[in-house]
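Residue strings, one per chain:
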Amino acid sequence: MEHKTVFSGRYYALEVYYSNHQKSIVTFASRNVARHPIEPRTLSGGFAKGVFSQMGFNEFLIGTRVNDWYQNDEIFEVIDIINSYTLGDVFTYGSSMGAFGAVNYAAALNAKQFVALAPQYSIDPSHTSDTRWIFEFHRLNGRFKNNLIEKMNCSESRGFVFFDQSGVDLAHAKLIEKSTRATLVPLELGGHSCGRTINKFYPLKKIIQDVSDDEFSFANFYKQLELKKDNLIEIIIRNVHDKDSFFELWNKIESKETALKMDDVNLVIDKAREVGLDKDDILQKLNFLGTLLTGNAFLLRKARWLKLLNCPNEALKLYKYLLTKQPKNVSLLQNVARIYFEKGDGQAAIQTLREAVAYAPDMPGPALLLSHYYYKLNDIGNAEKCIHDAIDSNGHDPKLYHRLGVVLFAKNEYAGAKEAFQKAIELDPKSSHSYYQIGCICSKQKDICEAIDYFGKAIDSDSNNPAFYHMLGRCLLSNGDLKKAEDAILNALALQSDSLAYKAVLKQIQEAMKKKGLWPFRIFSK
């Protein structure tokens, strides 16, 4: 067997296991939060490395140094190298970003079938209202040029798309179905990482084997799910509503009757809190899970739960240990900073975040948190400066402009704040809080009609925020539109029934209505 890296470019790499088999599989690496969309970083190796070469496939593993959905033209150099081999029947495979690659380049690789786990049709939120990849979308603006699915270059490509239809992945799957000859395989569990769930009841390598042998059966796939669902945590947990049913689940975990994966930790501990287990019981459960699931991935989850369970010193100790393994891990540094700040050590939090920003100046998260902490410490100058610095490094993130608007608003620089919020909206038209903040500026400047318009836009973007209705109601009251003002405040109270401020405004509105003889007015009964 030939096993070597045959290509290592600026963005992508290609590792090959080749034995002149009659079948070949091309896998695409998934998105990794440690990578940047444009600037190459540490290479992520191929997806399911080494598995398929043992199953009679020639295996081609496309690795990546960027989260760019394989949009750089360098990918075609990789594809040309693959196509230079004698391949037999070709199959492409990947998850999430890798699944996009598997579908997007199926035609270029002359693939017989693709197998895609929760692929994207596009990362442009205008197609699906999916904002999960908005950071990458804005950074790749103008560079997302090789979306061959959208260009209908894959219209004859066949394959299977596995996805959880209860979330936004459904919209992507439907668009891929329209643009290719894909067969959809919907589930109602697993979330975006549905592959991990599928692997519990129908091994993914068996799916590849069955697809390559033209033997994949829907009936058998769903039959296996039905047979094994009683031992799938994702399904069992839906029926856990009290302590008794939780302990039934826990007995299955302790006896190993139920297979437990790393992603299940949050499901189990979340449910333990929901049914009312006390802190000591939950900590005991968490420690037991550590005997089943080991390694840094579990320690990271344990640290998160220690913090949520109000054990900050223990959480901090774990995060610091993990930082000895990954000293430039920005997410770990942010978690350490949060604990420092909550413990009252603002300067340690600031210093930690400055390290994070230095390691990743183009990532918005550390800068946003650093600005927030400066703001909380009344250091408005530095709160503004670090956001300007972040915008200089990454001028395409709407959250940075929103944060800049908040800081300028605090300085009473309303014109600059309004401009920043408008830029945030330009980058993300669903930025409900930016609409809201502009409404607040207009309200302060007594431009009530414009304020009403912006509060309405905020509600159009997010109809579940009571503050939006509250401010809309107050402005409508000022404008004398009492019936609409009453409706707005009642909507606010429907979302937050215990708000004394909302009740006070409702009383004021209804007293004004009474004076004008606008009867009957509606009664808030809670």
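The sections below set out a description of the structure shown in this document. Keep in mind it's a predicted model, so treat the numbers as computed, not measured.

Criteria and cut-off values
One numbering rule holds for all chains: residues counted from 1, following each sequence as written. The model is predicted, so local features are restricted to residues of pLDDT at least 70 and side-chain atom pairs to those at 80 or more, both for listing and for counting; the totals for chains, interfaces and linings are taken over all residues. Excluded from the side-chain calculations are hydrogens and water; all other atoms, namely the structure's heavy atoms, are used. Secondary structure elements follow DSSP: runs of H or I no shorter than four residues count as helices, runs of E no shorter than two count as strands, and numbering proceeds from the N terminus. Radius of gyration: over C-alpha atoms. The globule rule applied is 2.2 Å multiplied by the number of residues raised to the 0.38 power. Throughout, a residue-residue contact means that at least one pair of heavy atoms, one from each residue, lies within 4.5 Å. Shrake-Rupley sampling with a 1.4 Å probe provides the accessible areas, and residues are treated as covered by the protein chains on show and by no other component. Only four residue types enter the charge count, namely Lys and Arg as positive and Asp and Glu as negative; His and the chain termini do not. In this description, the location of a charge corresponds to atom NZ of lysine, CZ of arginine, CG of aspartate or CD of glutamate. In this analysis, the protein atoms alone were mapped onto a 1 Å grid. Cavities are point sets where a 1.4 Å probe fits without being able to get out; pockets are open sets with protein on both sides within 12 Å along at least five of seven lines; lining residues have an atom within 4 Å of a point. Grid points are joined across faces, edges and corners, and a volume is the space filled by probe spheres set on the points. Each residue gets one of three labels, nonpolar for Ala, Val, Leu, Ile, Met, Phe, Trp, Tyr, Cys and Pro, charged for Asp, Glu, Lys and Arg, and polar for the others, Gly among them. Classification of ring pairs uses Phe, Tyr and Trp, with its six-membered ring standing for Trp, and accepts pairs whose centres are within 6.5 Å; under 30 degrees between planes counts as stacked, over 60 as edge-to-face, and the remaining range as tilted. Note on classification: 1.4 Å probe, protein chains only; a residue is buried when its accessible area is under 20% of the maximum for its type, exposed when over 50%, partly exposed between these limits. Over a ring means this: the NZ of a Lys or the CZ of an Arg is within 6 Å of the ring centre and within 35 degrees of the ring normal. Pairing between two strands is assigned when DSSP locates at least 2 bridges connecting them. Every helix has an expected span of 1.5 Å times one less than the residues it contains. An axis is simply a line fitted to the C-alpha atoms; with a helix, the fit covers only the stretch in contact. Between two such axes, the angle follows the N-to-C directions and lies from 0 to 180 degrees. For this classification, under 35 degrees means roughly parallel, over 145 means roughly antiparallel, 65 to 115 means roughly perpendicular, and everything else is oblique. Helix crossings are classified by the rotation of the near helix relative to the far one: an anticlockwise turn of less than a right angle makes the crossing left-handed, while a clockwise turn makes it right-handed.

Here's the deal with the overall build of the protein chain
Next up, step 1: For the protein chain, the helix and strand inventory stands at 25 helices and 8 strands.
Next up, step 2: Taking 24 Å as the expected radius of gyration for a compact globule of 526 residues, we find that the protein chain reaches 27 Å, a close match to that expectation.
Next up, step 3: Pairs at least 24 residues apart make up 62% of the contacts formed inside the protein chain by residues separated by at least 6 positions.
Next up, step 4: Of the roughly 24,000 Å² of accessible surface on the protein chain, 47% is carried by carbon and sulfur atoms.
Next up, step 5: For the protein chain, the separation between the mean place of its 66 positive charges and that of its 62 negative charges on side chains is 3 Å.

Quick look at the layout of surface pockets
Next up, step 1: One number sums up the size of the largest pocket: a volume of about 1,800 Å³.
Next up, step 2: What lines the largest pocket is a set of 46 residues, among which Arg31, Asn32, Val33, Ala34 and Leu300 lie closest to the centre.
Next up, step 3: Contributions of two or more residues to the lining of the largest pocket are made by β5 (89-95), α6 (194-201), α13 (296-308), α14 (312-325) and α15 (330-342).
Next up, step 4: Take the lining of the largest pocket: its biggest share by element is 6 residues, from α15.
Next up, step 5: Taken together, the residues of the lining of the largest pocket sort by class into 19 nonpolar, 17 polar and 10 charged.

Thoughts on the packing of aromatic side chains
Next up, step 1: Under the definition given, this model contains 32 aromatic pairs.
Next up, step 2: With centroids separated by 6.3 Å and ring planes inclined at 15°, the aromatic side chains of Phe246 and Trp250 adopt a geometry described as stacked. Residue Phe246 and its partner Trp250 are located together in helix α10 (residues 243-254), separated by 4 residues, close to a single helical turn. Each member of the pair, Phe246 together with Trp250, is buried.
Next up, step 3: What links up through ring pairs into an aromatic cluster is the set Phe160, Phe162, Phe201, Tyr202, Phe216, Phe218, Phe221 and Tyr222.
Next up, step 4: The positively charged end of Arg403 is found above the aromatic ring belonging to Tyr375, 5.1 Å away from the centroid.
Next up, step 5: The lysine or arginine in question, Lys457, covers the ring of Tyr454, its NZ or CZ lying 4.9 Å from the ring centre.

Focus on the pairing of strand β4 (residues 58-64)
Next up, step 1: The buried fraction of β4 amounts to 7 of the 7 residues, a majority that puts the element mostly inside the structure.
Next up, step 2: Judged from the 6 bridges that link them, strand β2 (residues 12-18) and β4 form a sheet pairing that is antiparallel. Each bridged residue has a counterpart across the sheet, and for Leu14 the counterpart in β4 is Ile62.
Next up, step 3: Two elements, strand β3 (residues 23-28) and β4, share 5 bridges in a ladder whose sense is parallel. The residue bridging Ser24 from the neighbouring strand is Asn58, located in β4.

Some points on α13
Next up, step 1: An ideal rise of 1.5 Å per residue puts 18 Å on 13 residues; α13 measures up with 18 Å between its terminal C-alpha atoms.
Next up, step 2: Those residues of α13 lying buried are Phe298, Arg301, Lys302, Ala303, Trp305 and Leu306.
Next up, step 3: Those residues of α13 that are buried lie in contact with α11 (264-274), α12 (279-292) and α14.

Remarks on the pairing of β2
Next up, step 1: In terms of residue burial, β2 counts as a mostly covered element, since 7 of its 7 residues are buried.
Next up, step 2: Going residue by residue along β2, you find Tyr12, Leu14, Val16 and Tyr18 tucked away on one face and Ala13, Glu15 and Tyr17 tucked away on the opposite face as well.
Next up, step 3: With 6 bridges joining them, strand β1 (residues 2-8) and β2 adopt antiparallel strand pairing. Bridge pairing in β2 places Lys4 opposite Val16.

A closer look at the sheet that holds strand β7 (residues 158-164)
Next up, step 1: The mixed open sheet is built from 8 strands, whose spatial order is β1-β2-β4-β3-β5-β6-β7-β8. The open sheet is flanked by β1 and β8 (181-187), the only strands paired with a single partner. Averaged over all pairs of adjacent strands, the angle between strand axes in this sheet comes to 15°, irrespective of strand direction.
Next up, step 2: On top of the sheet, helix α2 (residues 97-104) reaches β3, β4, β5 and β6 (113-117); it is set at about 155° to β5, its chief contact.
Next up, step 3: Each of β7 and β8 touches helix α5 (residues 169-179); the most contacted strand, β7, lies at about 165° to it.

Describing the packing of helix α18 (residues 380-393) against helix α19 (residues 398-410)
Next up, step 1: In contact at an axis separation of 10 Å, α18 and α19 are set at 155° when each is read in the N-to-C sense. Classed by the angle they form, the pair α18 and α19 counts as roughly antiparallel. Crossing of α18 over α19 shows left-handed handedness. Where α18 abuts α19, its residues Ile380, Ala383, Glu384, Ile387, His388, Ala390 and Ile391 lie against Leu400, Tyr401, Arg403, Leu404, Val407 and Leu408.
Next up, step 2: Classifying every residue of the contact of α18 with α19 gives 10 nonpolar, 1 polar and 2 charged.

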